[in-house]
Amino acid sequence: MSTTVERPRTQQELNYLNIDYSWKSWLLTTDHKRIAILYLVSITAMFFVGGLFATLIRLELLTPRGDLVSDDTYNKFFTMHGIIMIFFFLIPSIPAVLGNFLIPIMVGAKDLAFPRINLLSWYLYIVGAIFTLGAVVSGGVDTGWTFYPPFSSTYSNTYVMATALGVFIAGFSSILTGLNFIATIHKMRAPGMTWSRLPLFVWSNYATSLIQILGTPVLAITLLLLAAERIAHVGIFDPSIGGDPILFQHLFWFYSHPAVYIMILPGMGVISELVTAFSRKRIFGYGFVAFASIAIAVIGFLVWGHHMFVTGQSLYAGMYFSLLSFAVAVPSAIKVFNWTATMYRGSISWDTPMLYAFGFIGLFTIGGLTGLFLATLGLDVHVTDTYFVVAHFHYVMVGGMVMAYLGGLHFWWPKISGRMYPEGWAKFAALVVFAGFNLTFFPQFIVGYQGMPRRYHAYAPEFQVLNVLSSAGASILGLGYLIPLIYMLWSLKYGKRASANPWGAVGLEWTVPSPPPWDNFPQTPVVTWEAYQYHKPWQPEVEVGR
Amino acid sequence: MAVDTNLEEIHGPELRHHFETPDQQVETSTIGMWTFLVTEIMFFSGMFAAYAIFRSLYHDAFASTSKYMDVVVGAINTAVLICSSFTMVMAVRAARLGMRNMIVLFLILTMLLGLVFLGVKAYEYHHKWVEHLVPGFNFHYEEAKYERHAAIFFFLYFMMTGMHAMHMVVGEGLLATLLVMAWRGRFTAKWNTPVDMIGLYWHFVDIIWIFLFPLLYLIGQRA
Amino acid sequence: MEPHFSLWPEVASKHAANIDYLFIFLCVVSIIMTAGIFVTVFWFAMKYRRRSPDEIPPYIHGSWKLETAWSVLPFLVMLVMFGWGVKLYFDAYTSPPNALDVYVVGKQWMWKVQYPEGQQEINELHVPAGRPIKLTMASEDVIHSFFIPELRIKRDVVPGYFNSISFTATKPGRYHLFCAEYCGTQHSGMVGWVTVMDPAEYENWLASGGTGSMASQGEKLFQQLGCSTCHLLDQQGRCPVLRNVYGSPVKLDDGRTVIADDAYIRESVLDPNAKIVAGFKPDIMPTFQGQISEEGMMQLIAYIKSLTGPPRPPIGAADTGQTYGGGRFGGPGTPENSNAGATAPAPIGPTPITERPQPPRTSPERNR
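Every chain's residues receive numbers from 1 upward, in the order its sequence appears when written. Written order decides the labels, with chains lettered from A and ligands numbered from 1. Predicted model: local features are reported for residues with pLDDT of at least 70 only, side-chain atom pairs are reported and counted for 80 or more only, and whole-chain, interface and lining totals are derived from all residues.

**Notes on the overall build of chain B**
- Each helix is a run of H or I in the DSSP string that is no shorter than four residues. Each strand is a run of E no shorter than two, and both are numbered from the N terminus. Within chain B, the regular secondary structure consists of seven helices and zero strands.
- Counting from the amino terminus, helix and strand elements in chain B follow one another as α-α-α-α-α-α-α.
- Overall, the C-alpha framework of chain B stretches about 75 × 30 × 30 Å when taken along its three principal axes.
- Looking at chain B residue by residue over its 223 residues, the buried ones come to 38%.
- When contacts within chain B are restricted to residue pairs at least 6 apart in sequence, those whose partners lie at least 24 apart make up 76%. With C-beta atoms placed from the backbone, the exposure class of a residue follows from how many other C-beta atoms lie within 10 Å of its own: 20 or more, buried; 12 or fewer, exposed; in between, partly exposed. Contact between two residues is assigned whenever their backbone-derived C-beta positions fall within 7 Å.

Structure below.
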């Protein structure tokens, strides 16, 4: 077991962190909480690598001429920024860190359904990351994260194969995580924990897992087909050998559109938890929010063609995809309204996690609404492939998802680490992030409508003012991300020790010590209360109607 | 680091610590394996979709390839796989009855049948190689007008049957593991989940072949 | 156009103005929604701020009425956006019948523009104001995208396809042309200018240049590549007559009828056995894959388009093998062409459609 400890620990003081300090106990762990920490460390590292590329991009874009780095180098920067951020940060982030840590505890189980597969999942992520980072340091890849042939199969002279292999392997990590969550949520709920009592964080991750298992394998086979084409010069995408490049786009987006819901749904789940905890109130419309997650997952599989409105695909296909893209916005809107309504007559505390939740609600609303601009056929013809799209997806991914991730990390930090983070610095960092984010990305809507295409190393001079604003914002945003890194690390040693339930929140995770013991619950809990039961038994239900 | 609980004494060492009852463990494994098979279906579906599209675009070229596909050999392979699914079912049954020797026998039979399939496939691949029907390696098609599109057919043929064969090789590895465990008497009437689960996987691999065979071998046979 | 900072691109056509109206509509809806959410959240956050640690908020479950209202009403607004967007989409991608044709080839990393009258330009497009223009676009290599922000139009240029786009510019001026689909190293250098001119100026400009019209270039190719040996223009021999074929229906040997448009002609040249005209044998016409560039293809099509004239016997009605002895163009009928009967093998392996020479092909030994 453990090697040396400073003083003997009593049974009560043993938790999942201090029960064993050896390397083996960490690298061969099957404890879902330790695996969550392993993921936390890895994806934080990848986030900053991706962020480094973003910094270099924004530095280059300060001036209209391509004068900082060469064309090829710049093309590698945006490709690698996209690949690392999407496949190695956004897709795993909340599920692999917060989901892994919390889902067993939230359903009342001692671990996930398949703990060893969970560990395998992390190792696959690491192997995938090694291949991709290997490609990066060997010279990089310049196809764009979308890998469109014939450029990626026949014309690119960069490390496409190594990168595609890294993404392929990381995809299996994602699939296994989803598989684990599905089995856990179906079969490992404690007695009394019915589906309608599950925290919405669990519902969101369940919907995410459905997408992971249905969509990711299609990406896998698409990358394999692309690899065969690149290696053997035979295949189904290159028109000079009888293939069709549009087929690649269909196969690719069949996964990659649902993938964006893999990225946002867990974030929405976090926001449901934050809004309820910091309003001390039951979520408004539990059933609607839960089913909205499922609806997003299902409809999300039916809209991929909206990435291809200008490719020459049939105009009628365009109509179908456009209509469904509007449809998928409805459940997202329902969630935003329900979160807002939850705050009505709540008891609202302005702690840092709630600040991130406010930020999410505002920025996701903007990001989601700009998605409607892109779903509108005639308008999309003008704005697609411009910075308008770049701004849209950064609003939902960074203004949405990353803020939800930070909010969740702050909310559950006491549970994960047993320490409180410094609230003053945390609030400050949240404001810096919000301000920096908006300054970075709002100008991009404007410059995109003006016609600045994306993936441009050099651009027309009249776009410079807005680009300078954007780069200035990026420097502030970067600072905003560095501050939590520092104080979270600081808090591990010097932060105030946390009680089991520092926020006064409702949920099974707040009934176990901070940090939890290795097996979560000495005895399996029996659940007799509703989700978000903040009210007292003698309180009548208040009708809200119109 | 295992903490002994009463459960282990009651239910035996196979019950992992995070499950309450053996039934929960079996049900969880089952749902896990079925979910995994769904991912496998989605994995193959990309290739089936590509096949469907090119088949409808290049109908005649695809139909013309059937004369280079040996239906008899393909049918033999199909029969071999179906038999191997049967022997696998028998192995699962034997496991549920705790009959060690029967489990071993039927696992060996299943593995042998699987190896026969792979051997026949290797023979077919070699034949195609000799006939210059491997795209990218001196591909040459007799009916020149169909050559480009036939190359797409054969590309998909090799990708789909190749992926399938890879899954069979993995299956053979899994069966070998089961064989070792069965030999050591690990499977009893009370606990035989791995045999069950790998049986599901084996049946799935069989079903994929049942779809591949008519699509790849039989389309133009009538003409 | 002098580059200067502005918040809005120029409006160079009616379509651009229409797009702007739709955009403004969406902006207004978005601002209302966003402001509504921001204000409500902020107001609730202030009004219901926790005053004491023991506060217990009321137990509010939900409301079917509200949920329905805020699902249905936004969706109705979205349907307006949808319908309006569909209208403008069809506007952008359907071309009026009297459009002026211009041909564009995208290749790494330049735009080659060809006019029917023969001018060729690189990275420049000149068009008259007030007339509908139809651009027919092809790619020599990877996917590109032709984007004119001030006209609010864009379409991908995909290898293996002809994609077209139409517009009617109304405001003379010089506007940006950008490649909008990442295509490699100098993607951001694949830019140019679109000059919209008064019609009179345009006529002057047209008259001033040109190496010979596209159709005449196409005619040269038609001779060079040996098409004229089989495809007698008015006589029917082994091959279908080409006069007046462009744009008319063609009956195929499998019973289908297709329209002989640009894509049909391109396919007939590159993959002749894909569609066989009724009454003719397959395996007669060899493929020209690898022997003709996309520009050459457009010139050839322009030539075939120019072959109009007195009515001729409908294609497909003639018997196979019937020849006209001594037709208008003289000669004893279909000349013997030693290549006509051979089936040249179509090349396999990367053969980008350029004028690069084909790799030598050897027929491998086959024993079966």
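Read on, since the account is not over.
**Quick notes on the overall build of chain A**
- Along chain A, the regular secondary structure elements total 16 helices and one strand.
- Values of the radius of gyration come from C-alpha atoms, whereas the globule rule sets the reference at 2.2 Å times the count of residues to the power 0.38. Rg of the C-alpha trace for chain A: 23 Å, near the compact-globule value of 24 Å for 546 residues, within the 12% margin.
- Taken over the C-alpha atoms alone, chain A extends approximately 70 × 65 × 40 Å along its principal axes.
- Put simply, chain A has 546 residues, and 65% of those count as buried.
- Pairs at least 24 residues apart make up 83% of the contacts formed inside chain A by residues separated by at least 6 positions.

**What about the interface of chain A and chain C?**
- Counting from both sides, the interface comprises 88 residues of chain A and, opposite them, 85 residues of chain C.
- Residues were grouped as follows: Ala, Val, Leu, Ile, Met, Phe, Trp, Tyr, Cys and Pro as nonpolar; Asp, Glu, Lys and Arg as charged; and all remaining residues, including Gly, as polar. Residue classes in the side of chain A that touches chain C are distributed as 47 nonpolar, 27 polar and 14 charged.
- DSSP calls a pair of strands paired once it identifies at least 2 bridges connecting them. Taken together, the two bridges between strand β1 (residues 541-542) of chain A and strand β1 (residues 59-60) of chain C define a ladder with parallel strand orientation. Looking across to β1(C), one finds that A:Glu541 is bridged to C:Tyr59.

**Some remarks on the pairing of strand β11 (residues 191-197) of chain C**
Residue and element names in this part refer to chain C.
- Counted residue by residue, β11 has five buried out of seven residues, so it is predominantly covered.
- In this sheet, β11 lies alongside strand β5 (residues 124-128) in parallel orientation, the contact comprising five bridges. Paired with Pro128 across the strands is Met197, a residue of β11.
- Inspection of the sheet shows strand β10 (residues 173-179) paired to β11 by six bridges, in the antiparallel sense.

**Some remarks on helix α12 (residues 352-375) of chain A**
- Multiply 1.5 Å by the residue count of a helix minus one, and that product is the helix's expected span. Given a rise of 1.5 Å per residue, 24 residues ought to cover 34 Å, and the 34 Å separating the end C-alpha atoms of α12(A) matches this to within 8%.
- For α12(A), the tally of buried residues reaches 24 of 24 residues, placing the bulk of the element in the interior.

**Thoughts on the sheet that holds strand β4 (residues 120-122) of chain C**
Residue and element names in this part refer to chain C.
- Pairing is mixed across the open sheet formed by five strands, whose spatial order is β4-β3-β2-β6-β9. Only two strands of the sheet have a single neighbouring strand rather than two, namely β4 and β9 (163-168). The mean angle between the axes of side-by-side strands here comes to 25°, regardless of whether they run parallel or antiparallel.
- Strand direction decides the pairing type here: strand β2 (residues 100-107) and strand β6 (residues 132-139), joined by seven bridges, are parallel. Counterpart to Val105 in the pairing with β6 is Ala138. Note on geometry: axes are C-alpha line fits, over the in-contact stretch for helices, and angles between N-to-C directions span 0 to 180 degrees.

**Observations concerning unusual backbone geometry**
- Omega for the peptide link from A:Pro149 to A:Pro150 comes to -5°, which places this bond in the cis form.
- On the secondary structure map, A:Pro150 appears in the loop between α5 (115-138) and α6 (151-155).
- Here the bond from C:Gln108 into C:Trp109 is cis, since omega is -5°, no more than 30 degrees from zero.
- Inspection of the secondary structure puts C:Trp109 in the loop between β2 and β3 (110-114).
- Located in the positive-phi region is A:Arg345, a residue other than glycine, with phi close to 60°.
- A positive phi angle is found at A:Asp385, which is not glycine, with a value near 60°.
- Position of A:Asp385 among the secondary structure elements: in the loop between α13 (377-383) and α14 (387-417).
- By the C-beta count within 10 Å, which is 24 here, A:Asp385 ends up buried.

**Brief notes about the sheet that holds β10(C)**
Residue and element names in this part refer to chain C.
- One open sheet holds the five strands; their spatial order is β5-β11-β10-β7-β8, and the pairing between them is mixed. Among the strands making up the open sheet, the edge pair consists of β5 and β8 (153-157). In this sheet, adjacent strand axes meet at a mean angle of 20° when their direction is disregarded.
- Of the strands in this sheet, β5 and β11 touch helix α3 (residues 199-207), which is tilted by about 130° from β5.

**Regarding the packing of helix α2 (residues 32-60) of chain A against helix α16 (residues 464-494) of chain A**
Residues and elements named next belong to chain A.
- At a closest axis distance of 9 Å, the pairing of α2 and α16 adopts a crossing angle of 155°. Relative to α16, α2 is oriented roughly antiparallel. Taken as a pair, α2 and α16 cross one another with a handedness that is left-handed. Along the contact surface, α2 presents Gly51, Ala54, Thr55, Arg58 and Leu59, while α16 presents Ser470, Ser471, Ala474, Gly478 and Tyr481.
- Residue composition of the contact of α2 with α16, grouped by class: four nonpolar, five polar and one charged. With respect to orientation, any angle under 35 degrees is reported as roughly parallel, any angle over 145 as roughly antiparallel, any angle of 65 to 115 as roughly perpendicular, and every other angle as oblique. For any pair of crossing helices, the crossing counts as left-handed if the nearer helix is rotated counterclockwise from the farther one by less than a right angle, and right-handed if it is rotated clockwise.

**A short note on the interface of chain B and chain A**
- Chain B puts 30 residues into the contact, and the matching count from chain A is 36 residues.
- Mapped onto the side of chain B that touches chain A, the elements with two or more residues apiece are α2 (22-57) and α6 (147-183) of chain B.
- Partitioning the side of chain B that touches chain A into residue classes produces 16 nonpolar, 11 polar and three charged.

**Digging into the confidence of the model for chain B**
All names here are of chain B.
- Taken residue by residue, chain B gives an average pLDDT of 90. The fraction at 70 or more is 93%.
- Ignoring residues within four places in sequence, the model shows residues 1-5, a span with pLDDT below 50, making six contacts including any to other chains.
- ipTM for the predicted complex: 0.92, alongside a pTM of 0.87. As a per-residue measure, pLDDT reflects the predictor's confidence and takes values from 0 up to 100.

**Section: the environment of A:Asp244**
- Structurally, A:Asp244 can be placed in the loop between α8 (200-232) and α9 (245-279).
- Of the residues examined, A:Asp244 has 22 C-beta atoms within 10 Å and is grouped as buried.
- Placed 167 residues apart in sequence, A:Asp244 and A:Phe77 show a C-alpha to C-alpha distance of 28 Å.
- Not counting chain neighbours up to four residues away, the residues in contact with A:Asp244 comprise A:Ile236, A:Phe237, A:Pro239 and C:Gly160.

**Remarks on the packing of helix α11 (residues 315-343) of chain A against helix α2 (residues 64-93) of chain C**
- At a minimum axis separation of 9 Å, α11(A) and α2(C) run at an interaxial angle of 155°. On the basis of their axis angle, the class for α11(A) and α2(C) is roughly antiparallel. For α11(A) against α2(C), the interelement crossing comes out right-handed. In this structure, α11(A) contributes A:Leu315, A:Gly318, A:Met319, A:Ser322, A:Leu323, A:Phe326, A:Ala329, A:Val330, A:Ala333, A:Ile334 and A:Phe337 to the contact, and α2(C) contributes C:Glu67, C:Trp70, C:Ser71, C:Pro74, C:Phe75, C:Met78, C:Phe82, C:Gly85, C:Val86, C:Tyr89, C:Phe90 and C:Tyr93.
- Of the residues in the contact of α11(A) with α2(C), the class split is 18 nonpolar, four polar and one charged.

**Some words on the nonpolar core**
- What we call a nonpolar core is a set of buried Ala, Val, Leu, Ile, Met, Phe, Trp, Tyr and Cys residues whose membership is set by joining through C-beta atoms within 7 Å. Core analysis: the biggest nonpolar cluster contains 330 residues, and A:Ala357, A:Met401 and B:Leu156 have the highest contact counts within it.
- What marks off one domain from the next here is an automatic or database domain assignment. Domain assignment of the residues forming this core places at least three in each of domain 1 (8-46 + 63-211) and domain 2 (214-305) of chain C.
- Leave out the neighbours within four places in its chain, and A:Met401 touches A:Leu90, A:Met263, A:Ile264, A:Gly267 and A:Val396.

**Some words on the environment of A:Ile35**
Residues and elements named next belong to chain A.
- Relative to the helices and strands, Ile35 is located in helix α2.
- Distance in space between the C-alpha atoms of Ile35 and Pro191 is 26 Å, their sequence separation being 156 residues.
- Ignoring sequence-local partners within four residues, the contact set of Ile35 consists of Thr29, Asn100, Asn118, Leu119 and Trp122.

**Some thoughts on α2(B)**
- An ideal rise of 1.5 Å per residue puts 52 Å on 36 residues; α2(B) measures up with 53 Å between its terminal C-alpha atoms.
- Note on bend: at a given residue it equals the angle between the axes fitted to the 7 residues ending there and to the 7 starting there. Along α2(B), the helix axis deviates most sharply at B:Ser45, where the bend reaches about 30°.

**A closer look at the environment of B:Phe62**
All names here are of chain B.
- The topology assignment puts Phe62 in helix α3 (residues 59-64).
- Residues Phe62 and Phe139, 77 residues apart in the sequence, show an inter-C-alpha distance of 16 Å.
- Phe62 has contacts with Arg55, Phe153 and Ile219, leaving out every residue within four places of it along the chain.

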